[in-house]
Amino acid sequence: MSEQPTTNRIINVSNRLPVRIDSGRFVKSSGGLVSALEGIQKSGGGDFDLQWIGWPGGAAEENEQGNLSERLKSEFGYHPIFLSEEEIADFYHGFSNSSLWPLLHYNQTYFNYQHRWWKAYERINACFADAVCDAAKQGDLVWVHDYHLMLLPKMLRERRPDLRIGFFLHTPFPSYEIFRCHPKRQELLEGLLGADLVGFHTFGYLRHFRSAVLRLTGSESDVYTIRHDDAETHIDVFPIGMNWSGFEQELGSERFNECKQRFLTDYANKRIVLNVERLDYSKGIPQKLEAIEKYLEFNPDRRDDVVFILIAVPSREDVGEYATLKENIELAVSRINGQYATISNIPVHFINRGVKIEELCALYAISDVAMVTPLVDGMNLVAKEYIACQEDHGGVLILSEFAGAAKELFNAVMVNPYDIDGMAWAVGEALDMDDQHKRELMEPMRRLVIDNDSKWWARRFIASLVRSTGDATRDEVKRMDDQALKPFAASPKKKALFLDYDGTLRGFTLDPAKATPQPRLIEILEKLSEREDLDIYVVSGRKADFLQKHLGRFNFTLVGEHGYTFTKPGQEPELLNGDADLEWMPTVREVFDLYAASTPGSHVEQKRSALVWHYRAADPEFGQWKAIELIGHLKEAIANVPAAIAHGKKIVEVSSQQINKGMAVERFIHEHDYDAVLCIGDDQTDETMHRHRKMGAVTIKVGPGTTDAEYRLTGPDQVHDMLDVIAQLKPGTTV
Ligand code: GDG
């Protein structure tokens, strides 16, 4: 909104704060997000002041919370959200990690749902919303992270429309067929659509999100924008980068060099294949172990010199599936080692805990191969970190084609983690690759990873959020305010209201015939018709008979077919322009019939001056796709004729260019000398009415989208409220 001041403050919101409490002391973590955000903060050369809201981990006693909160705020600028044991069980282990995580990672087998988890998820998201509202000043940027907080954007939008809200999903967004299994799929999507910008790691995830939104909410979108009830949500791809500044510093440190030398001695004459991941079923560890087993089986000559280091960092041990997974991994490791260990080598070094950062860097630097083979992974930073630490370009990355990182790291040896033979073969290929070829592959990847690091990612996201919340539409169209209605207060002078019907007076229905006026609208229209100083025109694309049937009882002028017909109260229907050239109609009808026959659920509506192809009841994606194809087809079929093609809400309409709503409005304005004029409508055809803004009319756009109108209302409910206000405006009423 134009009145919305923009601030240079970002409120960053993630489930976890980058700090944990250890025996009453705070231990700050230097995770990827911390370093990413440094690049946009004033202290790191950026433009913004940053605050952070999140859970500090663990369950704090209630009597300790005040003190901890004070200290976190004063020492770090963090606003903690404390969770009880029960909330940790229901919100975190339950809904977030046993319901959302498996589904987002295509694992229907591990997907669980309990209603009480959902209730906790709603409650905790609302706590986060409270905390953001407390901390945020007018117009602040709010950046929400990840699947724990999918309801937060909508909650914030409802409470604080002034905030500029971005959401980034760190996991994949699965295909609609998977996502729809979730009993709260609708609420989750609507939660996200509260954001101004939703970001994903890859275009594939964005594509799935768009498709789920279309199918579950009916909202259509183009590549970068989803238009829904009362706003637009921008969507875009922001592949996260690794924390290069942190790793660069580590690579130059003494402790790293010591570690590296120690490992080079320990592993002298060995070839190292490194594996680093959280112990999670999405990471494909059992499949990887099978591939390792196969490699050792078919390469007996390598059993003495190849070491597979497997660092599996404990994760979510309170969730049952993770404990089972750990047992299976331990069994597989001992089976492989039992079978293939030699006197001088144990092939799999299994480390079930995290290692120090300098150890991790040293392992990245000296390993001949890194095996990153998740079954599915949002991005996977280990792959990028391994590459970044390959200063001599001598390593090889084996990468699952199902990690988000595969969309960028084209020179990796790509594998399908379900193809065990293929992975075993890839290990051999990577270990046997000649040095020159390895460097040719590694060097460009390393440049790409370092150039597109986590700081770059955060800068891009925030720049895009600023752009998407400061565009022309938001800046120039004012929210409707009652002051603008003052000229319509009762007085002896005549005033006119030009009201569109579908999408303005009445919301859409699957079957257009069922979109009849509802009781509240009828009540308001009755009140309006009592005002003798108001001339009311319903200006619609509908046929005259529909308007007559449902609105004929009022003393309104009913303008049908976008201005082609009009019926004054108590008179016979007339034509606005009886000479309009309609010779293009049979050709268009033929094309429309073709599309109706090949698009189940769609149909053609024949009007006197227009033809409409409706696809509201068709499969939403197929319908949209066919509509675009149809428009292309029409452009060829009816070039150079006086007809306009419009892609409206679930319709494609071809209508005479010699007739439009604006021309109808003009005629009636000229017939009378109105003291004030108001035009309101929701779609493209109503823009011809909004031209009268220049002549002093009050023009109102309903819903999102670019417009020439001066004001905006969000939907029919707000239109009803406004008409109700007008109906009761007495002279001198203060509005
Ligand atoms: C989620 C998405 C997405 C690992 N072991 C040790 C250690 N690590 C560090 C790595 C890396 C991080 O943990 C793991 O990051 P990933 O990206 O691989 O995976 P998730 O934790 O599942 O993260 C993922 C990510 O969000 C970012 O958007 O890429 O797809 O699932 O940074 O270095 N660090 C230390 N010792 C270890 O033993 N010090």
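For the structure itself, consult the block above.
Residues numbered from 1 in each chain as written. Predicted model: local features only at pLDDT ≥ 70, side-chain atom pairs only at ≥ 80, totals over all residues. Heavy atoms only, no water.

Overview of the pattern of salt bridges
1) Next: Evaluated as defined, the whole model comprises 44 salt bridges.
2) Next: For the salt bridge of R116 with E86, the shortest nitrogen-to-oxygen distance reads 3.8 Å. Of the two residues, R116 sits in helix 4 (residues 115–135) while E86 sits in helix 3 (residues 85–104), which places them 30 residues apart along the sequence.
3) Next: By relative accessible area, which is 53% here, E86 ends up exposed.
4) Next: Its salt-bridge partner being R227, residue D222 comes within 3.6 Å of it at the nearest N-O pair.
5) Next: Three or more residues are tied together by salt bridges with common partners; here these are R520, K527, D721 and D724. (Salt bridge = Lys/Arg side-chain N within 4 Å of Asp/Glu carboxyl O. Helix = DSSP H or I, 4+ residues; strand = E, 2+ residues; numbered from the N terminus. Buried < 20%, exposed > 50% of the residue type's maximum accessible area, 1.4 Å probe, protein only.)

Points about a negative patch on the surface
1) Next: A contiguous patch of negative charge, built from E61, E62, E64 and E85, is present on the exposed surface.
2) Next: Within the secondary structure layout, E62 lies in helix 2 (residues 62–76).
3) Next: Looking at E62, the relative accessible area reads 70%, which means it is exposed. (Patch = residues over 30% accessible without salt bridge, like charges linked within 9 Å, V, L, I, M, F, W, Y side chains within 5 Å. Areas by Shrake-Rupley, 256 points an atom, 1.4 Å probe, with all protein chains shown as cover. Lys, Arg positive; Asp, Glu negative; His and termini not counted. Charge placed at Lys NZ, Arg CZ, Asp CG, Glu CD.)

Description of the site of the ligand
1) Next: Near the ligand lie 21 residues; those nearest to it are H170, V355, D377, M379 and E385.
2) Next: Between the ligand and the protein, one listed contact pairs an oxygen atom with a backbone N or O atom of L381 at 2.8 Å.
3) Next: Among the secondary structure elements, those contributing two or more residues to the shell around the ligand are strand 11 (271–278), strand 12 (306–313), helix 13 (357–366) and helix 14 (381–388).
4) Next: For the shell around the ligand, a count of residues per class yields 12 nonpolar, five polar and four charged.
5) Next: Both domains that meet at the shell around the ligand, namely domain 1 (9–237) and domain 2 (244–454), each give it at least three residues. (Near = heavy atom within 4 Å. Polar contact = N/O pair within 3.5 Å; in protein donor to acceptor, adjacent residues only side chain to side chain. Nonpolar A, V, L, I, M, F, W, Y, C, P; charged D, E, K, R; others polar. Domains from an automatic or database assignment.)

A closer look at unusual backbone geometry
1) Next: Residues other than glycine seldom take positive phi values, yet N269 does so here, at roughly 65°.
2) Next: Along the chain, N269 falls in the loop between helix 10 (254–266) and strand 11.
3) Next: You will see that K650, though not glycine, has its phi angle at about 60°, which is positive.
4) Next: Within the secondary structure, K650 is located in the loop between strand 25 (643–648) and strand 26 (651–656).
5) Next: The buried category is assigned to K650, whose relative accessible area is 9%.

A look at the environment of L68
1) Next: Take L68: it is sitting in helix 2.
2) Next: Along the chain, L68 and H79 lie 11 residues apart, while their C-alpha atoms are 10.0 Å from each other.
3) Next: Among all residues touching L68, those that are not within four sequence positions of it are I21, F26, A60 and F82. (Contact = heavy atoms within 4.5 Å.)

Observations regarding the pairing of strand 27 (residues 676–681)
1) Next: Judged by how many residues are buried, strand 27 sits mostly within the fold: six of six residues are covered.
2) Next: Burial along strand 27 is two-sided: A676, L678 and I680 and V677, C679 and G681, pointing in opposite directions, are all buried.
3) Next: In terms of strand pairing, strand 18 (residues 495–499) meets strand 27 through five bridges, oriented parallel. Bridge pairing in strand 27 links L499 to I680. (Pairing = 2+ DSSP bridges.)

Topic: the sheet that holds strand 25
1) Next: Spatially, four strands are ordered 23-24-26-25 in an open sheet, and the strand pairing comes out antiparallel. With partners counted over all chains shown, the strands left at the sheet margins are strand 23 (603–606) and strand 25, one partner each. Each strand of the sheet is rotated relative to its neighbour by a mean of 15°, with strand direction disregarded.
2) Next: Both strand 25 and strand 26 contribute to a ladder of six bridges, which runs antiparallel. Bridge pairing in strand 26 places A643 opposite S656.
3) Next: Along the sheet face, helix 21 (residues 585–598) touches strand 23, strand 24 (610–614) and strand 26 and points at about 10° away from the line of strand 24. (Axes fitted to C-alpha atoms, helices over the stretch in contact; angles between N-to-C directions.)

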